[in-house]
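Here are the chains, one letter per residue:
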Amino acid sequence: MYRYLIKRILLMIPIIIFVSFVIFILMELTPGTIIDGMISEAMTPEARQELIEYHNLHRSVFYRYGLYMLNLVQGDLGVSDTTGASVANMFFNRLPNTLLLVGTGLVIAVLLAVPLGVLAAKRAGSLVDNFVTVISMSGMSMPPFWLGILLLLLFSFHLGWLPAAGNRDGVLSLIMPAMCTALMMMAITTRQARSSVLGNLKADFLRTARAKGVPEKTVVRKHALGNSWIPIITQIGSSFAVQLAGSVVVETVFSWPGIGLLTAQAIMNRDVTQATGNIIMTSIMYGIVQLIVDMSFALVDPRIKAQYSGKKKKKKTLVTIPAAESPQLAFVAASVGSEVPLEGDLYIEDKDADAQEPAHTQIVHSVAATYADTVPRRLELSEPLDSGAQSRASPYREATSRFSDEDVVRIIKANRKRSQLGDIFYRLRKNKGAFVGLIVLSIMLMFTISSIFIPRQAIIESNVRNRLAPPSSEHWFGSDTQGRDLFVRTIYGTRYSLAVGFGAVTFGLIFGVLIGTTSGYFGGKVDDIVMRFADAIASIPGILFGMVIMVILGPSLRNLIIAVGITLIPGITRAVRSSVLQISNSEYVEAARAIGLSNFRIMFTQVLPNGLSPVIVSATAFLGISIVHGATLSFLGFGIPSPAPEWGLMVAQGRDVLRTAPWISSIPGVFIMMAVLAFNLVGDGLRDALDPKMKR
Amino acid sequence: MKKLIATILVMAMGLLMLAACGPVAQESDVSVGAGTGTGGGTGAGASTGAAVDPTVPMFDPDDTPEGEIGLRTLPWDLPEGVQFADHLDMLPLVSPVTSIDPLHPGAGGSVHNIVYTLIYDRLLELADDVVTIKGSLAESWSHVDFTYWTFNLRSGVYFHNGDPFTAQDIVNTIELARVAPASNPFDYWHPVQSWNIIDDHTIEITLNGPSPDWEFVLTMPQAGIFNARAIQENPEQGLWIGTGAFYVADFEPAMDIYFLRNDNWWGLRYRNVPTRSLAVRTVHEGTARTAMLMQGYAHFAGAPLPDDFPLFLDSPDFVTLTPITNEVWYLALNSRDPITSCPYFRRAVAHALNLEDIAFIGTGGYGHAFSDGTTWGPLTAMRNNDLPLREFDPDKARDYLARSVYNGEEINIAAALPNALLAVDLVAENLNAVGINTFINIMDSPSLAAQHNPEVNVGHIAFHVSSWMPVPSFVSTMARSTGAINRSSYSNPYLDDLLDRAASELDPVAREQMYHRIQEVMWEDMPYIPLFFRNRTWVGQRDFGGIRAANIATNYDYRFAFMVIE
């Protein structure tokens with residue numbers, strides 16, 4: 001246990017060095033320096049030179065970085081360029097506020113999510129279950145900045161119950177920001193709790209418990225829920241770490257004096273020292289939270305505790321892990337450095353496993369294994385009815401014995417008539433949620449196509465005499481602050497969100513697949529190095545990373561795609577790598593090696609094609625995330641430049657007239673939510689369609 | 001089907017939520033008519049009673065608020081025989097106080113000056129009419145040719161740490177400022193050539209040359225007198241020590257500052273400071289600022305959202321003020337770029353702009369389009385009001401464009417968040433309409449600030465704002481080739497020489513002529529195209545008062561703020 005702890009802590013050192021280097025260099029690449037903001041009429045060239053030398057700007061960036069690191073190892077994070085205060089003091093002054101905010105959000109989320117998840121699982125398939133599912137899906141799809149301003153409008157403006165900003169009014173100040181923070185965590189955790197409990201409710205040991213006469217309440221609470229805590233804790237831990245690192249949006253909307261707001265301001269003020277210090281500290285916190293999550297497994301699962309405390313020896317490790325309903329969730333978690341155990345009783349044969357390898361790492365493998373298995377297993381399981389005596393003796397055969405052989409053959413033939421793609425589409429279509437999602441996406445696609453016929457002039461032409469016109473027959477969605485028709489702009493804006501979604505995911509896939517395949521295929525040192533890089537990048541809060549990149553590259557659609565896409569690379573890399581790890585040990589790959597194919601050829605003709613399908617399927621989750629991420633950057637002013645009608649930017653432009661013209665922010669916000677929801681629904685449906693168990 | 005029903009249910013809930021977020025029902029006693037109303041001294045607004053949706057401000061160029069020139073205050077004199085609130089929460093501006101350190105180059109914004117006015121006293125300050133200069137730490141003063149100055153200092157003045165104030169503190173302040181070349185105090189004190197301490201309460205100061213504007217400069221909030229011993233003892237917090245009416249009790253950088261009244265303040269001999277504690281808070285979201293005022297979490301807010309201002313304007317629950325400021329919004333055309341330095345192109349741009357619309361959009365109706373051709377601050381001395389405006393005339397713009405070097409290139413318009421995002425859209429649209437292709441380059445403030453540097457400034461047009469000081473020599477910051485905010489990279493040796501001579505000219509008439517000539521030259525060369533200047537919008541709770549508006553943004557004074565309680 002202690003060795004493991006020390007190992008994990010030591011692993012943080014290269015991550016910190018890498019993160020500090022990346023952020024330091026990126027901040028140096030941003031236009032302007034701290035000197036440019038020092039405006040003084042009387043400053044002589046000599047005085048300016050003195051300042052340049054004081055800030056070491058006449059020296060190379062590597063010299064400055066070296067100096068920074070020298071101070072860092074002595075525990076000195078430096079002095080903020082804008083406030084003149086100690087970076088460490090500033091950070092630790094703000095940290096309790098962020099911990100309070102995220103911690104409260106976490107408590108609210110857990111208190112609501114676990115009972116809701118259990119309730120939904122108990123009544124699986126009922127209206128209650130579907131209601132909970134849709135609520136949680138909506139929660140996951142709602143951009144936090146939009147939710148924040150809606151809460152503000154409702155609880156501060158209209159009801160007057162809660163203070164609108166700051167943290168100086170006690171518990172009342174905390175409610176809205178905490179609600180906003182809680183919603184996303186609650187949505188994901190509800191889904192996780194539901195699927196985990198549902199998986200256990202169907203397990204044999206519960207049937208045994210019931211048979212023994214254990215009361216249903218005890219069955220659910222003690223056995224079903226009790227065995228579901230590992231994935232729930234993993235999910236909660238990941239959400240907590242993500243929110244801790246990425247609370248910038250909520251803190252900005254509610255002027256909450258936390259580290260997210262502090263870091264965002266530092267980036268905007270080009271305060272390199274403060275921004276770098278904050279991001280390093282955030283990365284360390286992120287690592288610590290992940291470590292605590294791993295350690296907590298031992299508390300709830302004696303098998304894992306035994307592994308932590310066991311002696312080092314090579315053996316086969318067999319772990320049974322309950323399910324998560326959605327691989328998308330796992331990919332979301334994977335993208336931020338954590339993993340969610342997946343559905344079914346999953347047996348991991350870890351040939352080279354160190355007995356002290358943590359459950360966390362094993363879960364990584366389990367995620368990969370499940371993804372990798374998804375498609376092949378589906379194909380295998382479609383065969384048994386025709387495979388002779390063995391299949392005739394199967395439980396499935398027994399269950400269908402009331403049909404005549406002819407019926408069975410007819411059913412089989414009917415099923416076989418569909419191609420693989422047709423089969424997938426058939427099951428996708430049967431999934432109501434996915435079907436609704438497909439319709440919404442189709443409509444959005446139509447919007448995008450039809451927007452080609454909208455002249456650009458129509459979206460930029462102002463009419464100040466017609467500003468803030470409410471929705472009417474003339475302006476279906478009303479007009480904006482400059483009198484521009486919101487309907488036309490919203491329709492036109494579809495292209496930006498879809499472009500950011502697809503573009504960023506494609507960008508992430510290109511690099512993630514290349515890096516992940518290389519890493520997974522070669523393994524060993526290459527794998528270690530690549531994964532540490534991925535961990536380091538993943539530990540930088542995505543929004544802040546995106547902000548820095550946008551400041552460097554400048555505002556444009558292309559750059560926004562790059563900024564969002566870069567943040568997806570670690571998650572995709574990790575997922576691809578896990579998938580490739582499984583495949584690269586398979587027999588056909590060994591055969592390819594045996595006949596002398598080059599590594600390059602094996603990777604891209606044997607391994608990658610077989611490992612890519614589940615990754616692509618799960619990438620639908622990244623589409624939704626990318627849209628929200630892109631909209632958030634635009635909302636914060638780092639996205640596509642005006643007058644482009646990007647939805648996030650439109651929400652931002654309408655927030656100053658929220659009281660008088662709420663439609664300006666609300667309508668694009670609804671569209672963002674609908675797009676993300678649609679992608680999530682389709683993603684879920686696609687996963688179900690490819691899952692053999694769902695077919696059964 | 002169940003999932004479908006559930007989806008519909010959730011959507012219905014969402015719609016209900018949106019409906020809940022609909023426009024606020026107007027209070028029966030709140031009358032907000034067509035137009036955003038005028039802001040008189042007490043906030044009496046215009047109410048046409050027209051049958052229009054009162055929540056939607058309608059645009060009428062003839063009905064923009066007039067504002068007031070010169071001194072305006074919320075209720076200023078302390079009422080007698082009433083009780084005052086012990087504590088006040090103030091939301092001055094959206095931008096935060098990042099540092100209490102006038103010597104820090106990044107701590108010179110308007111909101112910082114509010115804080116410095118509370119903490120420090122200056123040698124001189126503006127009288128209640130915000131025009132006359134009166135003594136503060138200096139009881140009296142005199143000068144010879146604006147070069148040799150003598151200050152007789154007030155006795156019985158103490159710093160917050162108990163140290164007595166003496167002439168040596170002025171010397172210490174000058175020396176501290178001299179080692180901070182990027183700071184505003186450096187600008188203020190750098191003309192000092194030498195000094196002579198006569199006694200603890202008398203000092204003679206000699207400047208490098210005549211400086212008629214130096215007297216006003218000494219009234220600036222950042223010309224406060226520091227306590228060198230405190231700074232030496234505590235470099236981080238020593239600058240929190242002044243002789244002012246309030247001292248810092250708690251400070252969260254870039255968020256909130258809490259002040260307590262300095263009961264030993266010398267000024268209490270002359271005027272009561274009714275509030276014991278005062279918080280200067282930062283709230284970024286405009287809607288949140290409005291909500292905090294309405295809920296009573298804040299007693300005063302500067303710069304509420306223009307579209308929310310009508311909510312307060314005629315309400316009996318609030319007092320409002322909309323004074324004109326010297327805050328000028330303008331376009332800076334890059335003088336180093338072959339296109340934007342072309343005189344014909346500059347004229348084409350000027351004639352293409354519909355300033356009325358731009359001003360309305362940029363200020364939400366609380367501003368004024370320039371009606372003449374000088375970039376000069378509307379309240380700055382020696383303004384040349386005879387320079388004609390290059391009026392909105394697209395045909396003329398096209399004519400000039402055809403004669404210019406412009407050949408269809410994309411013109412990059414830089415603007416920083418959150419400044420005038422909407423107005424810059426309109427600028428781009430106006431230019432597009434006459435055939436100029438534009439690209440709006442939204443950037444953050446530091447990136448825009450970097451555009452001052454000619455080596456960095458590779459753009460074409462930048463959208464800027466400057467708070468003009470009332471003294472005419474301020475123009476040199478924008479017009480001199482080495483000017484600190486020469487955002488056009490403008491360079492005219494003739495003008496540089498004229499600026500030098502005007503700054504030290506002792507004859508007021510000759511000086512004024514020189515400054516008029518300077519404006520003529522700038523009008524011809526057009527490095528800048530002025531767009532509009534804005535009204536400051538202030539809102540206080542009913543029975544709030546004691547705030548006065550000076551004619552520049554940097555001279556807010558919160559020391560005497562009060563709130564009468566029942």
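Conventions adopted
- By convention here, each chain's residues receive numbers from 1 onward along its written sequence.
- Both sets of labels track the order of writing: A upward for chains, 1 upward for ligands.
- This being a predicted model, a pLDDT of at least 70 is required before a residue's local features are given, and a value of 80 or more before pairs of side-chain atoms are given or counted; all residues contribute to the totals for chains, interfaces and linings.
- Excluded from the side-chain calculations are hydrogens and water; all other atoms, namely the structure's heavy atoms, are used.
- Whether two strands pair comes down to DSSP finding at least two bridges between them.
- Secondary structure elements are defined from DSSP: runs of H or I of at least 4 residues count as helices, runs of E of at least 2 residues count as strands, and each element is numbered from the N terminus.
- The convention used is that axes are lines fitted to C-alpha atoms, helices contributing only their stretch in contact, and that angles between N-to-C directions extend from 0 to 180 degrees.
- Should any heavy atoms of two residues lie within 4.5 Å, those residues are considered in contact.
- Think of a nonpolar core as a cluster: buried Ala, Val, Leu, Ile, Met, Phe, Trp, Tyr and Cys residues, connected wherever their side-chain atoms sit within 4.5 Å.
- Each residue is assigned to one of three classes by its accessible area relative to the maximum for its type, calculated with a 1.4 Å probe on protein chains only: buried under 20%, partly exposed between the two thresholds, exposed over 50%.
- Two rings belonging to Phe, Tyr or Trp (six-membered ring only in the last case) form a pair when the distance between their centres is within 6.5 Å. Interplanar angles under 30 degrees mark stacking, angles over 60 mark edge-to-face geometry, and anything in between is tilted.
- We call a charge positioned over a ring when the NZ of a Lys or the CZ of an Arg lies within 6 Å of the ring centre and within 35 degrees of the ring normal.
- Crossings are sorted by hand: turned counterclockwise from the far helix by less than a right angle, the near helix makes the crossing left-handed, and turned clockwise it makes it right-handed.
- Note on residue classes: Ala, Val, Leu, Ile, Met, Phe, Trp, Tyr, Cys and Pro are nonpolar, Asp, Glu, Lys and Arg are charged, and everything else, Gly too, is polar.
- pLDDT measures the predictor's confidence residue by residue and takes values from 0 up to 100.
- Salt bridges are defined as contacts in which a side-chain nitrogen from Lys or Arg sits within 4 Å of a carboxyl oxygen from Asp or Glu.

**Topic: the sheet that holds strand β7 (residues 148-153) of chain B**
Residue and element names in this part refer to chain B.
1) Next: Across the sheet, four strands lie side by side as β6-β7-β9-β8; this open sheet has antiparallel pairing. In this open sheet, the two edge strands, each paired with only one partner strand, are β6 (138-144) and β8 (192-199). Averaged over all pairs of adjacent strands, the angle between strand axes in this sheet comes to 15°, irrespective of strand direction.
2) Next: As paired strands, β6 and β7 are joined by six bridges and run antiparallel to one another. Bridged to Ala-138 within β7 is Leu-153.
3) Next: Strands in contact with helix α3 (residues 167-178) are β7, β8 and β9 (202-207); relative to β8, the strand with the most contacts, it is inclined by about 160°.

**Looking at the nonpolar core**
Note on soluble globular proteins: their nonpolar side chains tend to be buried together.
1) Next: If you look at the biggest cluster of nonpolar residues, it comprises 178 residues, and the most contacted ones within it are Phe-145, Met-547 and Ile-672 of chain A together with Met-292 of chain B.
2) Next: Sorting elements by how many residues they give to this core places helix α28 (residues 599-635) of chain A first, with 13 residues.
3) Next: With residues near it in sequence (within four places) discarded, Met-292 of chain B still touches Ala-164 and Ala-165 of chain A together with Leu-91, Arg-281, Val-283, Tyr-297 and Ala-298 of chain B.

**A few points about the packing of aromatic side chains**
1) Next: Summed over the entire model, instances satisfying the criterion amount to 45 aromatic pairs over all chains.
2) Next: Here Phe-309 of chain B and Tyr-366 of chain B contribute two aromatic rings whose centre-to-centre distance is 5.1 Å and whose plane-to-plane angle is 80°, an arrangement assigned as edge-to-face. Taken together, the residues span a long stretch of sequence, with Phe-309 of chain B in helix α8 (residues 309-313) and Tyr-366 of chain B in the loop between α10 (355-363) and β16 (367-369) at a distance of 57 residues.
3) Next: In this structure Phe-309 of chain B comes out as buried when scored by relative accessible area, which is 0%.
4) Next: Where Trp-376 of chain B meets Trp-468 of chain B, the ring centres are 5.1 Å apart and the plane angle is 45°; that geometry is what we call tilted. Residue Trp-376 of chain B is found in the loop between β16 and α11 (394-403), and its partner Trp-468 of chain B is found in the loop between β19 (461-467) and α14 (475-479); the two are separated by 92 residues along the sequence.
5) Next: For Trp-468 of chain B, a relative accessible area of 1% gives the class buried.
6) Next: Aromatic rings pair up to connect Phe-447, Trp-476, Phe-477, Phe-487, Trp-647 and Phe-671 of chain A into one cluster.
7) Next: The ring of Trp-523 of chain B has Arg-390 of chain B sitting right over it, with the charged end atom 4.0 Å from the ring centre.

**Brief notes about the packing of helix α4 (residues 87-122) of chain A against helix α7 (residues 170-201) of chain A**
Residues and elements named next belong to chain A.
1) Next: Across the interface, α4 lies against α7 with an axial gap of 5 Å and an inter-helix angle of 35°. Pair α4 / α7 crosses with right-handed handedness.
2) Next: In the contact of α4 with α7, the residues fall into 23 nonpolar, six polar and two charged.

**Section: the environment of Arg-484 of chain A**
1) Next: Take Arg-484 of chain A: it is sitting in the loop between α22 (456-460) and α23 (486-522).
2) Next: Beyond its immediate sequence surroundings of up to four residues, Arg-484 of chain A is in contact with Ile-459, Ile-460, Glu-461, Ser-462, Gly-478, Ser-479, Arg-489, Pro-643 and Gln-653 of chain A together with Asp-425 of chain B.

**Quick word on the confidence of the model for chain A**
1) Next: On average, residues of chain A score 77 in pLDDT, and 78% of them are at 70 or above.
2) Next: When pLDDT is averaged over each helix and strand of chain A, the minimum, 38, is found for helix α16 (residues 359-381) of chain A and the maximum, 91, for α4 of chain A.

**A look at the pattern of salt bridges**
1) Next: Under the criterion given, the structure shown has 28 salt bridges over all chains.
2) Next: For Asp-86 of chain B, the salt bridge goes to Arg-276 of chain B, with nearest N and O atoms at 3.4 Å. Of this pair, Asp-86 of chain B sits in the loop between β2 (83-84) and β3 (87-91) while Arg-276 of chain B sits in the loop between β11 (257-261) and β12 (277-280), and the two are 190 residues apart along the sequence.
3) Next: With relative accessibility at 46%, the residue Arg-276 of chain B sits in the partly exposed group.
4) Next: The shortest N-O distance in the salt bridge between Asp-500 of chain B and Arg-480 of chain B comes to 2.6 Å. Here Asp-500 of chain B, found in helix α15 (residues 493-504), pairs with Arg-480 of chain B, found in the loop between α14 and α15; they are 20 residues apart in sequence, far enough to count as distant.
5) Next: A residue is classified by how much of its surface remains accessible, and Asp-500 of chain B, at 41% relative accessible area, is partly exposed.
6) Next: Through salt bridges with shared partners, a single ionic network connects Asp-480, Arg-484 and Arg-489 of chain A together with Asp-425 of chain B.

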